[in-house]
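# Summary of structural features
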Amino acid sequence: MATRIVQFDNVRKHYQMGPVTVEALRGVSFGIEAGDYISIMGPSGCGKSTLLNLLGCLDRPTSGRFLLGEEDVSQMDDDALSAVRGARLGFVFQSYNLIQQLSVVENIEVPLYYQGRPEDESRERARELAARVGLESRMEHKPFELSGGQQQRVAIARALVNDPLVILADEPTGNLDSTSGAEILNLFDDLNQQGKTLIMVTHDTSVAKHSRRSIRLRDGHLESDVRH
Amino acid sequence: MSAINPITAFRGLTLARLKRTVRLGIKSLWLHRLRSLLTVLGIVFGVCSVIAMLAIGEGASYEAQENIKTLGSQNIILRSVKPPEEQKVTDKGSQSYVMQYGITYTDVKRIRDTIPGVTVVLPARIIRDYAWNISRRVDCELVGTVPWYPEMRNHRVAAGRFFTDTDMDGKSSVCVLGAEMVPALFPLETPLGKHIRVGGDYYLVVGVMEPRGQAVKGDESQSDASKSTGKRMYVPLETVKMRYGEVLMRRRTGSFEAERVQLHEVTVKVASLDQVMNVAEAVKQALEHGHKKKDYEVVVPLELLKRAQDIARIFNIVLGSIAAISLLVGGIGIMNIMLASVTERTREIGIRRALGARRRDIILQFLVETVLLSGAGGIIGVLLGVAIPFVVTWTADMKTIITFWSPLLAFGISALVGIVFGIYPAIRAAEMDPVEALRHE
Ligand SMILES: Nc1ncnc2c1ncn2[C@@H]1O[C@H](COP(=O)(O)OP(=O)(O)OP(=O)(O)O)[C@@H](O)[C@H]1O
Ligand SMILES: [Mg+2]
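We now turn to the structure provided with this report. (Residues numbered from 1 in each chain as written. Chains lettered and ligands numbered in written order. Predicted model: local features only at pLDDT ≥ 70, side-chain atom pairs only at ≥ 80, totals over all residues. Heavy atoms only, no water.)

### Comments concerning the overall build of chain A
Each helix and strand in chain A was counted, giving seven helices and 10 strands. Referenced to the eigenvectors of the C-alpha coordinate spread, the extents of chain A come out at roughly 50 × 45 × 40 Å. Contacts spanning at least 24 positions in sequence make up 69% of the contacts within chain A whose residues lie at least 6 apart. The distance from the centre of the 25 positive side-chain charges to the centre of the 32 negative ones in chain A is 4 Å. (Helix = DSSP H or I, 4+ residues; strand = E, 2+ residues; numbered from the N terminus. Contact = heavy atoms within 4.5 Å. Lys, Arg positive; Asp, Glu negative; His and termini not counted. Charge placed at Lys NZ, Arg CZ, Asp CG, Glu CD.)

### Some words on the interface of chain A and chain B
Taken residue by residue, the interface counts 35 residues in chain A and 32 residues in chain B. Carbon and sulfur atoms supply 53% of the area that chain A and chain B bury against each other, a total of about 3,100 Å² over both sides. Here chain A is connected to chain B by seven salt bridges. Here Lys27(B) and Glu106(A) are joined by a salt bridge, their closest N and O atoms 2.3 Å apart. Counting every contact that joins chain A to chain B gives 15 residue pairs in polar contact (both at pLDDT 80 or more). Sorting the residues of the side of chain A that touches chain B by element identifies helix H2 (78–88) and helix H3 (104–114) of chain A as the ones contributing at least two each. Here the side of chain A that touches chain B gets 10 residues from one element, more than from any other, and that element is H2(A). (Buried area = accessible area lost by both parts, 1.4 Å probe. Salt bridge = Lys/Arg side-chain N within 4 Å of Asp/Glu carboxyl O. Polar contact = N/O pair within 3.5 Å; in protein donor to acceptor, adjacent residues only side chain to side chain.)

### Some thoughts on the nonpolar core
One finds Val6(A), Phe8(A), Ile40(A), Leu55(A) and Leu68(A) to be the most contacted residues of the largest nonpolar core, which totals 68 residues. Counting residues per element, this core draws most heavily on helix H14 (residues 405–430) of chain B, which supplies six residues. Apart from the residues within four sequence positions on either side, Val6(A) is in contact with Phe30(A), Gly31(A), Ile32(A), Leu55(A), Phe66(A), Leu67(A), Leu68(A) and Val166(A). Formed by 33 residues, the second largest nonpolar core is a distinct cluster that contains Val105(A), Val161(A), Ile167(A) and Phe188(A). (Core = buried A, V, L, I, M, F, W, Y, C linked by side-chain atoms within 4.5 Å. Buried < 20%, exposed > 50% of the residue type's maximum accessible area, 1.4 Å probe, protein only.)

### Quick notes on the site of ligand 1
Around ligand 1 sit 14 residues in total, of which Ser44(A), Gly45(A), Lys48(A), Ser49(A) and Thr50(A) are the nearest. What surrounds ligand 1 is not a single chain but chains A and B. At 2.8 Å, a backbone N or O of Gly45(A) approaches an oxygen atom of ligand 1. Lys48(A) is positioned such that a nitrogen or oxygen atom in its side chain is 2.7 Å from an oxygen atom of ligand 1. Burial of ligand 1 by the protein amounts to 72% of the accessible area it has alone, namely 630 Å². Put simply, the parts of the chain that give the shell around ligand 1 at least two residues each are strand E1 (4–17), strand E2 (20–33) and helix H1 (48–55) of chain A together with helix H15 (434–439) of chain B. (Near = heavy atom within 4 Å. Areas by Shrake-Rupley, 256 points an atom, 1.4 Å probe, with all protein chains shown as cover.)

### Notes on the sheet that holds strand E4 (residues 63–68) of chain A
Residue and element names in this part refer to chain A. The strand order across the open sheet built from four strands is E2-E1-E4-E5, with neighbouring strands paired in antiparallel fashion. Each end of this open sheet is capped by a strand with a single partner; those strands are E2 and strand E5 (71–72). Alignment of E1 against E2, held across 11 bridges, turns out to be antiparallel. Counted as the bridge partner of Met-17 is Val-20 from E2. Together, E1, E2 and E4 form the strand contacts of H1, whose direction differs from that of E1 by roughly 125°. (Pairing = 2+ DSSP bridges. Axes fitted to C-alpha atoms, helices over the stretch in contact; angles between N-to-C directions.)

### Considerations on helix H4 (residues 119–132) of chain A
All names here are of chain A. The first and last C-alpha atoms of H4 sit 20 Å apart over 14 residues, in line with the 20 Å expected at 1.5 Å per residue. Regarding H4, the residues found buried are Ser-122, Ala-126, Leu-129 and Ala-130. Projection of H4 onto a plane perpendicular to its axis shows the buried side chains occupying an angular sector of 105°, all on one side. The exposed residues of H4 that point more than 90 degrees off its buried face are Asp-120 and Glu-124. Of the surrounding secondary structure, the elements contacted by the buried residues of H4 are H3 and helix H5 (148–160). (Expected span 1.5 Å × (residues − 1). Arc of directions from axis to C-beta.)

### Quick word on the packing of aromatic side chains
Enumeration over the complete set of coordinates arrives at eight aromatic pairs over all chains. Where Phe8(A) meets Phe66(A), the ring centres are 4.8 Å apart and the plane angle is 55°; that geometry is what we call tilted. With Phe8(A) in strand E1 and Phe66(A) in strand E4, the pair connects residues that are 58 residues apart, well separated along the chain. Here Phe8(A) matches Phe66(A) in class, with each residue buried. Taken together, a centroid distance of 4.9 Å and an interplanar angle of 35° make the contact between Tyr149(B) and Tyr234(B) tilted. (Phe/Tyr/Trp six-rings, centres within 6.5 Å; stacked < 30°, edge-to-face > 60°.)

### Some points on the state of the cysteines
Residue and element names in this part refer to chain B. Tallying each qualifying case throughout the model produces zero disulfides over all chains. Between Cys-140, a free cysteine, and Cys-175, which holds the nearest cysteine sulfur, the sulfur-to-sulfur gap is 8.9 Å. The class for Cys-140 is buried, based on a relative accessible area of 1%. (Disulfide = S-S within 2.5 Å.)

### Thoughts on helix H13 (residues 359–396) of chain B
Look at H13(B): 54 Å from first C-alpha to last across 38 residues, which is about the 56 Å you get at 1.5 Å a residue. Following H13(B) by one or two positions, Asp397(B) adopts a phi angle in the positive range, close to 55°.

### Quick look at the sheet that holds strand E9 (residues 213–218) of chain A
Consider a sheet: its strands pair through backbone hydrogen bonds, and that pairing is either parallel or antiparallel. Residues and elements named next belong to chain A. A sheet is described by the order of its strands in space; here six strands give the open sequence E6-E7-E8-E3-E9-E10, paired in mixed fashion. A single partner strand is all that each edge strand has here, and the edge strands are strand E6 (89–92) and strand E10 (221–227). Shown here is a sheet whose adjacent strand axes are inclined to one another by a mean of 20°, direction ignored. When strand E3 (residues 37–41) meets strand E8 (residues 198–201), the two strands line up parallel, connected through four bridges. The residue bridging Ile-38 from the neighbouring strand is Ile-199, located in E8.

### Examining the pairing of strand E12 (residues 265–270) of chain B
Residues and elements named next belong to chain B. E12 sits mainly inside the fold: five of its six residues count as buried. Of the strand pairs in this sheet, strand E1 (residues 75–80) and E12 are connected by five bridges, and their pairing is antiparallel. Looking at the pairing, Ile-77 lines up with Thr-267 of E12. Examined bridge by bridge, strand E3 (residues 118–133) and E12 share five bridges and lie antiparallel to one another.

### Focus on a nonpolar patch on the surface
Residues and elements named next belong to chain B. Together, Leu-34, Leu-37, Leu-38, Leu-41, Phe-45, Ile-380, Leu-384 and Ile-388 make up a nonpolar patch on the protein surface, roughly 700 Å² of accessible area in all. Secondary-structure elements contributing two or more residues to the nonpolar patch are helix H2 (33–71) and H13. Here the nonpolar patch takes five residues from H2, the largest share from any one element. Position of Leu-384 among the secondary structure elements: in helix H13. (Patch = residues over 30% accessible without salt bridge, like charges linked within 9 Å, V, L, I, M, F, W, Y side chains within 5 Å.)

### Notes on the side chain of Gln365(B)
Locating Gln365(B) in the fold gives a position in helix H13. Side chain to side chain, Gln365(B) and Arg352(B) meet in a polar contact 3.5 Å long. Once residues within four sequence positions are removed from consideration, Gln365(B) is found in contact with Tyr114(A), Thr21(B), Leu24(B), Arg345(B), Glu348(B) and Arg352(B).

### Notes on the pairing of E4(A)
All names here are of chain A. As judged from the five bridges shared by E1 and E4, these two strands associate in the antiparallel manner. By the bridge assignment, Val-6 is partnered in E4 with Leu-68. Bridge analysis of E4 against E5 gives two bridges, and the strand direction is antiparallel. Considered in E5, the bridge of Leu-68 is made with Glu-71.

Structure representation (structure tokens):
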């Protein structure tokens, strides 16, 4: 069987809101193998984004253990988490989150820049990836000159540039019309076919159908975990 | 374990990395060009005004000091002054009246005999009259003085010679023209060897002096009740005494005015520089004894020089404070804008953090931007500040001196302002929680 790249052991996440403690995740355990394609579903407020933020090392769990690759991420300091994000993870957001003053290629380069990779090598790789997501004619354009679907493809290229262990996507088709959304999902399918591990949060069951495995959350608990 | 551990891999600050951060900063600032420009105006004006004002102040004080030095820092100058009370009397009365005031030959003798350290005494009588070259006329001051005048006053002869002891003893009718007189009397030819007429007497021109500084003329004009023309000719003192006697008559509308002044100006040379102040004090006391009224003034160039230097120092301190305040205000302006920029770019900060930027990367980015802003402001300010003195020199005919350190210092301080006022916004940016920052609208 494939190697296990993510291990969640009884992970909890609490938010302190003044005197009130919001329990966003109440003890979640699961594992993810390399090459999998997972969708996370559940009603609004059930903790999907919270879970994805933990997976993305943007936040630390209140308690529990989180292994990414062979490393225990739950106890890392801020700099180490930044390094893990830059080297091991790729992000695709609902609202694209491109940097407005940078061109397509420059946006794709950003993760390599923070890893201190040489500039020409980074540029080469960014161009390669822009071409791979079908934007060879838009390399020097700024984000505001692109359609939503094109912007999301830039974001995907950026998520691929550091050859990450996992790509995390929070409602990647949420802002797109059905045609552009389908294009993005096809791109995800291709990537998964080439062996990329994908984790995607979605509300949409038809979107979730593209994945191989669906995790359902309810009130911070793991409700179901099915393969299809 | 993987061969390369990305967490411990070296990601230190290299020159190449700094260069890219600078380029990125320029890009971000260029995105809001107008705002960036307005932001740095405070720094621009601060730096520019400091350099320009320093240059103008430096020029003015240099010129003042140079002029004072031409009076001779080892000299003490005594001048006859018309006492104010008597001026009133002549204004009222319309009958003829002889006014007697000023420094006398007795004063000079007493100073020379009783005060040690006094080497040479240079007396001068000054008579205001018209000088003629055939039909050309110049309103000038006829200065009756002694042959050693040029060495005493650091005023050199430009052409020909000064009059000699022989001229003095022989009461000869020779004169040396001030440079300012030559163009008016002899516009085409050389004055040497020609004769000029003053009143009924003819004088042979034997020499021409070098031109003198602006402030010296202005300064000397104070000694005479009538306004100085700045045009002087020099004649042996004995000749003047013989020609004019001691009473000067001057016709005025409705009245006759006569003055009896023995010496208009006396220059006392002190043997050594550190004796000047003591001798000046002794001279003042000696004169106080001999005069009931204050009909003289004592000018000590060294004292003036020291005062000019004090004024220059105070001017620099005031300038420094203005500079500090304007740069402080400029810095606060920059900090204000950078704080706004950090809030506005919260989302960008979140994205960068998600893509692997450490806190110190964010700090570096915003700090570089602030330093670029203030540095650019500093450069613009230096350019303007260096240009303005040239314009001032050109249009207002004032001397300006740009010391080499003032642009360097002003630029250095403006860059420092960028660092000082950039740190807080940069830390604010870096302290943001990545999740919160990404959620920011
Ligand atoms: N920073 C925070 N501070 C306090 N409470 C928070 C914070 N972030 C999330 N929560 C709470 O945690 C719970 C889970 O939030 P989360 O954003 O994970 O939901 P979600 O499943 O992503 O919802 P949606 O589908 O609407 O995006 C919610 O009750 C939310 O109010
Ligand atoms: Mg959510």
